[in-house]
Amino acid sequence: MSKSNIVLVGFMGTGKSTVGKELSNRLGWTFTDTDTLIEVQQGMPISEIFRLHGEAAFRKAESDVIETVLKGERQIISTGGGAVLAEQNRTNMLQGGFVVALSASAETIIQRVSQDQTRPLVQGNVEERVKTLLQTRKHAYDFAELIIDTTQHPVSAIAELIMEHMKK
Ligand SMILES: Nc1ncnc2c1ncn2[C@@H]1O[C@H](COP(=O)(O)OP(=O)(O)O)[C@@H](O)[C@H]1O
Ligand SMILES: O=C(O)C1=C[C@@H](OP(=O)(O)O)[C@@H](O)[C@H](O)C1
Ligand SMILES: [Mg+2]
């Protein structure tokens, strides 16, 4: 494989953080979750960053982290669901890594994100918020080099699919 990082993108709840950890364990590559890095840098959870500083400040931090992290190599980089919205981030991802998009059915996403109520963009009526955002971001992940629907697959199978693809 010519590219030295794997970048996971996709809507909230498609499994980027979970699959990223699994891939990192299997490949022995460093695991980096951009959300976790931002939380460590700012010393507070994502929900607090949104609440105290607003989404725009979070997006700026996210772009900075993506640019910095992509300078390294042999990393599995799990991004947040909105990281792909900025064109510069998409350009950096494609330049610095092999970009894999994870997807899932709306029902699956609703079920998965309902179990963890910390995501600031899907507070309140989770079903309605997810459906609206899914519509807004319908084509946001199309730029990826590989797209995997995770609805019917366990995490281990998704990691294997990605590893199989890297061998080609
Ligand atoms: N393939 C899968 N099958 C079943 N549950 C999954 C799968 N991938 C992730 N999950 C679960 O869905 C939830 C969201 O996963 P997470 O990795 O945080 O997604 P993301 O980082 O894309 O928002 C977690 O509870 C996780 O255990
Ligand atoms: O879709 C989004 O805009 C967001 C997704 C979250 O990450 P996950 O996709 O890992 O849940 C996190 O970055 C933040 O809450 C915003
Ligand atoms: Mg995540």
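Further up the page is the structure itself.
Throughout what follows, the structure given in this document is the object of discussion. Throughout this description, residue numbers start from 1 for each chain and increase along the sequence as written. Each chain takes a letter, starting from A, and each ligand takes a number, starting from 1, following the order in which they are written. At least 70 in pLDDT is required for a residue's local features to be given in this predicted model, at least 80 for side-chain atom pairs to be given and counted, and no such filter applies to totals for whole chains, interfaces and linings, which use all residues. With hydrogens and water set aside, each side-chain value is computed from the structure's full complement of heavy atoms.

With that settled, the discussion passes to the overall build of the chain. A run of H or I in DSSP counts as a helix once it spans at least four residues, and a run of E counts as a strand once it spans at least two, with each numbered from the N terminus. Scanning the chain from N- to C-terminus turns up 8 helices and 5 strands. If you list the helices and strands of the chain from N to C, you get β-α-β-α-α-α-β-α-β-α-α-β-α. At 15 Å, the chain has a C-alpha radius of gyration in line with the 15 Å of a compact globule built from 168 residues. Counting across all 168 residues of the chain, residues that qualify as buried make up 45%. Per-residue and other accessible areas follow the Shrake-Rupley method at a 1.4 Å probe size, with only the shown protein chains counted as cover for residues. On the chain, roughly 8600 Å² of surface is accessible, and the fraction owed to carbon and sulfur atoms is 50%. Taken over C-alpha atoms, the radius of gyration is set against a globule rule of 2.2 Å times the number of residues to the power 0.38. Relative accessibility thresholds used throughout: buried, under 20% of the residue-type maximum; exposed, over 50%; partly exposed, between the two (1.4 Å probe, protein chains only).

Each residue is tested against the molecule or strand, and it is near if at least one of its non-hydrogen atoms lies within 4 Å. Around ligand 1 lies a shell of 15 residues, among which Gly13, Lys16, Thr18, Arg119 and His153 are the nearest. Within the backbone of glycine 13, one N or O atom sits 2.8 Å away from an oxygen atom of ligand 1. Measuring from an oxygen atom of ligand 1, one finds a backbone N or O atom of threonine 14 at 3.4 Å. Look at ligand 1: alone it shows 560 Å² of surface, and the protein chains cover 71% of it. Of the grid points, spaced at 1 Å and generated over the protein atoms alone, those admitting a 1.4 Å probe that cannot get out make up cavities, while open sets with protein on both sides within 12 Å along at least five of seven lines make up pockets; any residue with an atom within 4 Å of a point is treated as lining. Whether a molecule lies in a cavity or pocket depends on its atoms, and more than half of them have to be within 2 Å of the grid points. Among the cavities detected, the one that contains ligand 1 is the largest pocket. Secondary structure elements with two or more residues in the shell around ligand 1: helix H1 (16-27) and helix H8 (155-167). Looking at the shell around ligand 1 element by element, the count peaks at 3 residues for H1. Polar contacts, as counted here, are pairs of nitrogen or oxygen atoms within 3.5 Å of one another; within protein the pair requires one atom able to donate a hydrogen and one able to accept it, and residues that are adjacent in sequence qualify only if both atoms are side-chain atoms.

To continue, consider helix H3 (residues 46-53). Of the positions making up H3, those classed as buried are Ile46, Ile49 and Phe50. Buried residues of H3, seen end-on, are gathered within an arc of 100° and therefore sit on one face of the element. On its buried face, H3 sits against helix H2 (34-42) and helix H4 (55-69). Residue glycine 54 follows H3 closely and has a positive phi angle near 90°. The directions from the helix axis to the C-beta atoms form the arc being described. For this analysis, residues touch if any pair of their heavy atoms sits within 4.5 Å.

Before going further, it helps to spend a moment on the site of ligand 2. Inspection of the region around ligand 2 gives 13 residues, with Lys16, Asp35, Arg59, Arg119 and Arg137 positioned closest. Aspartate 35 places a polar side-chain atom, nitrogen or oxygen, 2.7 Å from an oxygen atom of ligand 2. In the environment of ligand 2, an oxygen atom lies 2.6 Å from a nitrogen or oxygen atom belonging to the side chain of arginine 137. Taken together, the residues of the shell around ligand 2 break down into 5 nonpolar, 3 polar and 5 charged. Each residue gets one label: Ala, Val, Leu, Ile, Met, Phe, Trp, Tyr, Cys and Pro are nonpolar, Asp, Glu, Lys and Arg are charged, and the others, such as Gly, are polar.

Attention now goes to the environment of threonine 136. Within the secondary structure, threonine 136 sits in helix H7 (residues 126-136). Relative accessible area serves as the criterion here: at 63%, threonine 136 is assigned to the exposed category. Sequence separation of threonine 136 and arginine 26 is 110 residues, and the distance between their C-alpha atoms is 34 Å. A distance of 2.9 Å separates a polar side-chain atom of threonine 136 from the backbone oxygen of threonine 132.

The geometry of a pair of packed helices is captured by two quantities: the angle between their axes and the separation between those axes. Closest axis-to-axis distance for the H3/H4 pair is 7 Å, and the angle between their directions is 125°. Regarding the angle of H3 to H4, the classification is oblique. Together, Ile46, Ile49, Phe50 and His53 of H3 and Glu55, Ala57 and Phe58 of H4 make up the contact between the two elements. Of the residues contributing to the contact of H3 with H4, the split by class is 5 nonpolar, 1 polar and 1 charged. As a rule, the C-alpha atoms of each element are fitted with a line to give its axis, helices using only the stretch in contact, and angles between N-to-C directions run from 0 to 180 degrees. Roughly parallel here means an angle under 35 degrees, roughly antiparallel means over 145, roughly perpendicular means 65 to 115, and every remaining angle is called oblique.

Geometry only, nothing functional implied.
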